[in-house]
Amino acid sequence: MYRSHNNGSLRTSDINSEVTLSGWVQKSRDKGFMIWIDLRDRYGITQLIFDEERTPAPIMEQARTLGREFVIQIKGTVIERASKNPNIPTGDIEILVNKLTILNTAITPPFTIEDTTDGGEDLRMKYRYLDIRRNPVKDSLIFRHKVTMEVRKYLSNQEFIEVETPYLIKSTPEGARDFVVPSRMNEGQFYALPQSPQTFKQLLMVGGMDKYFQIVKCFRDEDLRADRQPEFTQIDCEMAFVEQEDILATFEGLTRHLLKEVNGVEIDKFPRMLYDDAMRLYGNDKPDIRFGMEFGELNTVAQHKEFNVFNNAELVVGIAVPGGNSYTRKEIDKLIDWVKRPQVGALGMVYARCNDDGSYKSSVDKFYDQEDLAKWAEVTGAKPGDLICVLSGDVNKVRTQLSALRMELAERLGLRDPKVFAPLWVIDFPLLELDEETGHYHAMHHPFTSPKPEQIKLLATDPGAVKANAYDLVLNGNEIGGGSIRIHDKETQALMFDYLGFTPEEAQAQFGFLMDAFQYGAPPHGGLAFGLDRLVAILGGQETIRDYIAFPKNNNGRDVMIDAPAAIDEEQLKELHLRLNA
């Protein structure tokens, strides 16, 4: 038996007990006549004491050889600690050691295994197995486990059945790029790793499973951005004989359950917002509604003077920054520099101060008088003491730019409290999205999303105006889930493929198995998928997902610990009927 107790369990009620403990040496303090060692495992830390008067001399000498991260086993007696430590649960006791066994030695780790470490992110990713020993990472992984257990509990109680779907599937041209896997047994042919189990869960509905879920790995070979992983985990769900309201109610329930059980937070309202309103009021389709600063469109009150920057803009739009009039000119200049960064891309920013006496002072006083600026304040909801920030330009670009500014200002003002949770459904997304480079439409969600039935006829004349039976669940400015009611008949699905530019032959080759299945009595169905990594991070009060993933990739999609991706040898390439370009 390596241990009778773990290192977080012993209390004063265990005094005089004989115990066996195992773990890693956290630190050692040698005072000559006495040695203290902190012994750590997943459960906590217990202090060991070696005393010249009470500990055999050979064991004292052995204790002096112990280095950081040595793996040891001890036997001893629980005694009351003379100098108690209120910061740890075991701080009232220590173990007087009478037997010590070194289970494994350790070289000096490349960074300190402490809550606050001296290791940079790249170094910690290279030695991730050491990083996991640190409480912040360990606790994040345990937290993820708790969330997934609550997900399974809730969905199982709602009669969902967990079903595994294949990882080796067929590559399709829709969506992001696939990771492909060569088939040794079928020369020149390839599997793809799934971007989601979409078609399989629809086939499960055809098969009569009625309610399905799966906590599943998905893969997308996308251009990487910060905090995006090439492999990620979804809570994937599908339901038969449902309408949109049924799905929204079910997953409001799941979100409420998680917030209550994991965070101790009760949420009553899940407001709903049209996609068009989200874009108009917040500049993006996942608005953070924990704070205000809604957009005010200023065209009618700002394009009547001789200020051509505004007159030539498609959209003039502003926000009221609460208390922003306290900003110095230097601080405002820095804000202007911030919006002009390439990551944001604005050409500049106009501002107006709302003074406490009801007067206004703007950066464009040459063109606008007090009456004009009062209208700006009315449109943006600005009050005395606020600052109005105004951007102008092309509609889509300027909304994105102002959205970025809104979020940055909220961060600076402390308005994004991670302990406050504000869920929101965004509904009625466009069915199709125009690719400005090619001039072709593609599915905004995926080609299996059902259009609003009454708008199907618009596909022929005004495809950009067609709305989808699609919905996203947003939490604190992050999309945590998205889904739709699916097309469930062959004729509508074939029509959708046609509008997406597939020939009948291409549609049959890529998705014939699904359309064939629809001929055998497919029920109305729909579903939703949560991004588990993001959901766990937000519930944990963070927006960085890496610490909630055991072995994450870096920003370049590399696993620096195992050095992957990596080249394979010529024999493997030959077996797979592949060759690299010379």
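Thresholds applied
- Residues numbered from 1 in each chain as written.
- Predicted model: local features only at pLDDT ≥ 70, side-chain atom pairs only at ≥ 80, totals over all residues.
- Heavy atoms only, no water.
- Patch = residues over 30% accessible without salt bridge, like charges linked within 9 Å, V, L, I, M, F, W, Y side chains within 5 Å.
- Areas by Shrake-Rupley, 256 points an atom, 1.4 Å probe, with all protein chains shown as cover.
- Salt bridge = Lys/Arg side-chain N within 4 Å of Asp/Glu carboxyl O.
- Helix = DSSP H or I, 4+ residues; strand = E, 2+ residues; numbered from the N terminus.
- Buried < 20%, exposed > 50% of the residue type's maximum accessible area, 1.4 Å probe, protein only.
- Contact = heavy atoms within 4.5 Å.
- Arc of directions from axis to C-beta.
- Axes fitted to C-alpha atoms, helices over the stretch in contact; angles between N-to-C directions.
- Parallel < 35°, antiparallel > 145°, perpendicular 65-115°, else oblique.
- Left-handed = near helix turned anticlockwise from the far one by under 90°.
- Nonpolar A, V, L, I, M, F, W, Y, C, P; charged D, E, K, R; others polar.
- Expected span 1.5 Å × (residues − 1).
- Pairing = 2+ DSSP bridges.

K.L.:
What is the right way to read a nonpolar patch on the surface from this model?
P.N.:
Together, Y167, L168 and Y191 make up a nonpolar patch on the protein surface, roughly 280 Å² of accessible area in all. Inspection of the secondary structure puts L168 in the loop between β6 (161-162) and β7 (180-182). Of the residues examined, L168 reaches a relative accessible area of 45% and is grouped as partly exposed.

K.L.:
Help me out: how do you make sense of the environment of C389 in this one?
P.N.:
The topology assignment puts C389 in strand β16 (residues 387-393). Considered as a pair, C389 and T112 are 277 residues apart in the sequence and their alpha carbons are 45 Å apart. Apart from residues no more than four positions distant in its own chain, C389 is found in contact with V317, G318, I319, V321, L335, M349, V350, L402 and L405.

K.L.:
What is the right way to read helix α13 (residues 490-499) from this model?
P.N.:
Side chains that are three or four residues apart share a direction in an α-helix, a result of its 3.6 residues per turn. Inspection of α13 places T492, Q493, M496 and F497 among the buried residues, and these make up the whole buried set. The buried residues of α13 occupy an angular sector of 140° when the element is viewed end-on, so they sit on one face. The inward-facing, buried residues of α13 abut β18 (432-434) and α14 (504-518). Backbone geometry just after α13 places G501 at a positive phi near 95°.

K.L.:
What is the right way to read the packing of helix α4 (residues 135-157) against helix α6 (residues 244-263) from this model?
P.N.:
Relative orientation and spacing of two packed helices are given, respectively, by the angle between their axes and the distance between those axes. Interaxial distance between α4 and α6 falls to 10 Å at its minimum, and their mutual angle equals 140°. With respect to α6, the element α4 is oriented oblique. In this structure, α4 meets α6 at a crossing whose hand is right-handed. The residues of α6 that touch α4, namely those facing F143, K146, V147, E150, V151, K153, Y154 and L155, are T250, F251, G253, L254, H257, L258, E261 and V262. Taken together, the residues of the contact of α4 with α6 break down into 9 nonpolar, 3 polar and 4 charged.

K.L.:
Just checking my understanding: could you explain the pattern of salt bridges for this structure?
P.N.:
Between side chains of opposite charge, a pair can form when the charged atoms approach closely. Tallied over the full model, the rule gives 40 salt bridges. Ionic pairing is found between R128 and D131, a salt bridge with its closest N-O pair at 2.9 Å. Here R128 and its partner D131 are both found in helix α3 (residues 128-131), 3 residues apart, which amounts to about one turn of the helix. The class for R128 is buried, based on a relative accessible area of 1%. Two residues, E411 and R416, come together in a salt bridge whose shortest N-O distance is 3.3 Å. We classify E411 as partly exposed; its relative accessible area is 49%.

K.L.:
For this particular structure, what's the right way to read α6?
P.N.:
The end-to-end C-alpha distance of α6 is 27 Å, a good match for the 28 Å that 20 residues give at a rise of 1.5 Å each. One or two residues past the end of α6 sits G264, with phi positive at roughly 70°.

K.L.:
Just checking my understanding: could you explain the sheet that holds β16 for this structure?
P.N.:
One open sheet accounts for 5 strands, arranged β12-β13-β16-β14-β15; its pairing is antiparallel. Edge positions in the sheet fall to β12 (296-297) and β15 (360-362), since each has one partner strand and no second. Of the pairings in the sheet, the one linking strand β14 (residues 350-354) to β15 comprises 3 bridges and is antiparallel in character. What sits directly across from R353, in β15, is K361. Against the sheet, helix α10 (residues 329-339) makes contact with β14 and β16, and its axis sits at roughly 145° relative to β14, the strand it touches most.

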